[in-house]
Amino acid sequence: MSAPSYYTPVERHLASSEELRVPMASRPQLKYPVGGTNLEEQRARWERKRVRTAKELIETEQRYFEQLELVAVYFIEILTAKGTLRPEERDAIFCTFKSIHSINRTLLSDLEEGKLGQGFERFCPQLHLYTTYTDNMEHALKVLQGQIKKNKQFARFKKLQESRAEFHGLKLEDLLPLPLRRVYQYKHLLRDLTENTNPDHPEFQQLKSAVRVISEASQHIQDQARRQENHLQVLRVQKLLKGRRSKVLAAGRQYIREGWLTTVPSKGEEIKHRMFFLFSDLLLMTKPCHPLHPVHSDKLVWQRAYPLAEGRVEKVFGHTSSQGGLISLTFPEEKLLVMSNDQDDINNWYRCLSAAIGRLQSRATVTQRRDNLARRPLRPALNSTQTDTDSPVPKAGSKRYLSDQPREEPSASGHTENHCTEAKQMKLMPHLTLRPDDAGPGAEQAGKSCIIL
């Protein structure tokens, strides 16, 4: 019996194989009916999802390109023609925006023609323009804010362009991050499109490859966004602290959380409310400035920084669903007790502190193991070296010392040459003799045996 026409080549091969010719009575009974109608319905659902996802991809790409067009035409091209900004300032703000606008014009044309796989196959090799744009985003926004403050002509031009009806109330600061968000949308739309595409479809491999490349670019953009957000958080904490010596900005330091906690003194002192900032490598304790301070009434005073790599955290109270809890923090120079009346807050502090300390200590353990593996054992000393070391060293000025030193005798050319005479050599070790076949001409002339040095 021939396979139905709607079967794929693989299904036709399986339908004609010996395994599917087993009598119906001996086949395992499935809990759901299997037939051509159900398979056609499933494929129809996949196709409807694929068409719906492709339509959403094209429509969102059209809106995205329109917004790119606004920035490219009403800002980049006009600023280039008028010279309101210097070229280095314009390039710092817009970076590769013009090139992104160009490659998305080609992508939109391919998508509208139904060439989804071919369009992204040509688009993916140009994704480095997006990653470069992402890496420059923080610097671009900083230069933009600086030009708005310093360049009054540019500030008026920006406000005039943003008042156009085409912008729908959007500002330039809202339009610049659009490429970053669009890559994230590409990842999810292409993943849905690939999952609902038949593996035998001619565009399946192209879409699958595009999902992989765009996912890597999306991950890079997300990591860069997290680094930027972390930098802004650390910078915010730095601005809250009073004094120039209070520095929290450091390479690799990550902000985790902050909050008010009550410190419990070990002696009979009053409890104190302190603001704590938790970073990836230290816990910072601060107190508020005096409210009547003429300048720094809204800032905090740096009190103590505790290195987490040398710390240990324990929960004293708060194991049950009670109100609040108490945490014990042990450091080499001090033991700190902090408490909170909020049960969820103290539990969150405990989890964050435990995770941060655990990461630092595990990292230190791995580094120590690598250092131990990298060390090589010292080479054992050679026997000859040990023998020479064990023998007593003659003192300078002694007869043995002088006899061991080579003589300097003038040569025929008038230059001095350092050499030991054969008589001197024989006196050193008289018990060792040279074999007749190893002896040189000098030994035959002397008529006696010679030692080997």
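**Here we look at the overall build of the protein chain**
- Across its full length, the protein chain holds 16 helices and 9 strands.
- In the protein chain, which comprises 453 residues, the share counted as buried stands at 33%.
- If you take every contact in the protein chain between residues at least 6 apart in sequence, the share linking residues at least 24 apart comes to 57%.
- When the accessible surface of the protein chain is split by element, carbon and sulfur atoms take 53% of a total near 30100 Å².

**Re the packing of aromatic side chains**
- Tallied over the full model, the rule gives 10 aromatic pairs.
- Relative to Phe157, the ring of Phe75 lies with its centre 5.9 Å away and its plane at 85°, an arrangement referred to as edge-to-face. Taken as a pair, Phe75 in helix α2 (residues 36-82) and Phe157 in helix α8 (residues 152-162) lie far apart in primary sequence, 82 residues in all.
- Note on Phe157: relative accessible area 8%, which makes it buried.
- Residues Tyr306 and Phe331 carry aromatic rings whose centres are separated by 4.8 Å and whose planes lie at 25° to one another, so their mutual orientation is stacked. Here the residue Tyr306 occupies a position in strand β4 (residues 300-307), and Phe331 occupies one in the loop between β6 (325-330) and β7 (335-340), the gap between them amounting to 25 residues.
- A relative accessible area of 2% means that Tyr306 is categorised as buried.
- Put simply, the rings of Tyr74, Phe75, Phe157 and Phe167 pair up and form one aromatic cluster.

**Observations regarding unusual backbone geometry**
- Phi is positive for Cys95, close to 50°, though the residue is something other than glycine.
- With respect to the element layout, Cys95 can be found in the loop between α3 (87-94) and α4 (97-112).
- In this structure, His168 is a non-glycine residue whose phi angle is positive, near 55°.
- Among the structural elements, His168 can be located in the loop between α8 and α9 (172-175).

**Observations regarding the nonpolar core**
- One finds Phe75, Phe94 and Phe120 to be the most contacted residues of the largest nonpolar core, which totals 49 residues.
- Counting residues per element, this core draws most heavily on α2, which supplies 10 residues.
- The residues touching Phe94, leaving out its near neighbours within four places in the chain, are Val71, Phe75, Ile76, Leu79, Tyr133, Leu172 and Leu176.
- In terms of nonpolar packing, the next biggest core, distinct from the first, is built from 20 residues, Leu261, Val313, Phe331 and Cys352 among them.

**Points about helix α10 (residues 178-195)**
- Given a rise of 1.5 Å per residue, 18 residues ought to cover 26 Å, and the 26 Å separating the end C-alpha atoms of α10 matches this to within 8%.
- Buried within α10 are the following residues: Leu178, Pro179, Leu180, Arg182, Val183, Tyr186, Lys187, Leu189, Leu190, Leu193 and Thr194.

**Considering the side chain of Glu61**
- Note that Glu61 resides in helix α2.
- Residue Glu61 is classed as buried on the basis of its relative accessible area of 0%.
- For Glu61, the side chain forms a polar contact with the side chain of Arg182, separated by 2.9 Å.
- With sequence-adjacent residues up to four places away left out, Glu61 is seen in contact with Asn104, Leu107, Leu108, Leu111, Arg182 and Tyr186.

**What about the sheet that holds β6?**
- Within the open sheet, the 7 strands sit side by side as β4-β3-β2-β1-β7-β6-β5. Their pairing is antiparallel. The open sheet has two edge strands with one neighbour each: β4 and β5 (312-317). On average, each strand axis in the sheet is tilted by 35° relative to the strand beside it, whichever way the strands run.
- In terms of strand pairing, strand β1 (residues 255-263) meets strand β2 (residues 272-279) through 8 bridges, oriented antiparallel. Each residue of the ladder has a partner; that of Thr262, found in β2, is His273.

Conventions used here
- Residues numbered from 1 in each chain as written.
- Predicted model: local features only at pLDDT ≥ 70, side-chain atom pairs only at ≥ 80, totals over all residues.
- Heavy atoms only, no water.
- Helix = DSSP H or I, 4+ residues; strand = E, 2+ residues; numbered from the N terminus.
- Buried < 20%, exposed > 50% of the residue type's maximum accessible area, 1.4 Å probe, protein only.
- Contact = heavy atoms within 4.5 Å.
- Areas by Shrake-Rupley, 256 points an atom, 1.4 Å probe, with all protein chains shown as cover.
- Phe/Tyr/Trp six-rings, centres within 6.5 Å; stacked < 30°, edge-to-face > 60°.
- Core = buried A, V, L, I, M, F, W, Y, C linked by side-chain atoms within 4.5 Å.
- Expected span 1.5 Å × (residues − 1).
- Polar contact = N/O pair within 3.5 Å; in protein donor to acceptor, adjacent residues only side chain to side chain.
- Pairing = 2+ DSSP bridges.
- Axes fitted to C-alpha atoms, helices over the stretch in contact; angles between N-to-C directions.

Purely geometric stuff here, so don't read any function into it on its own.
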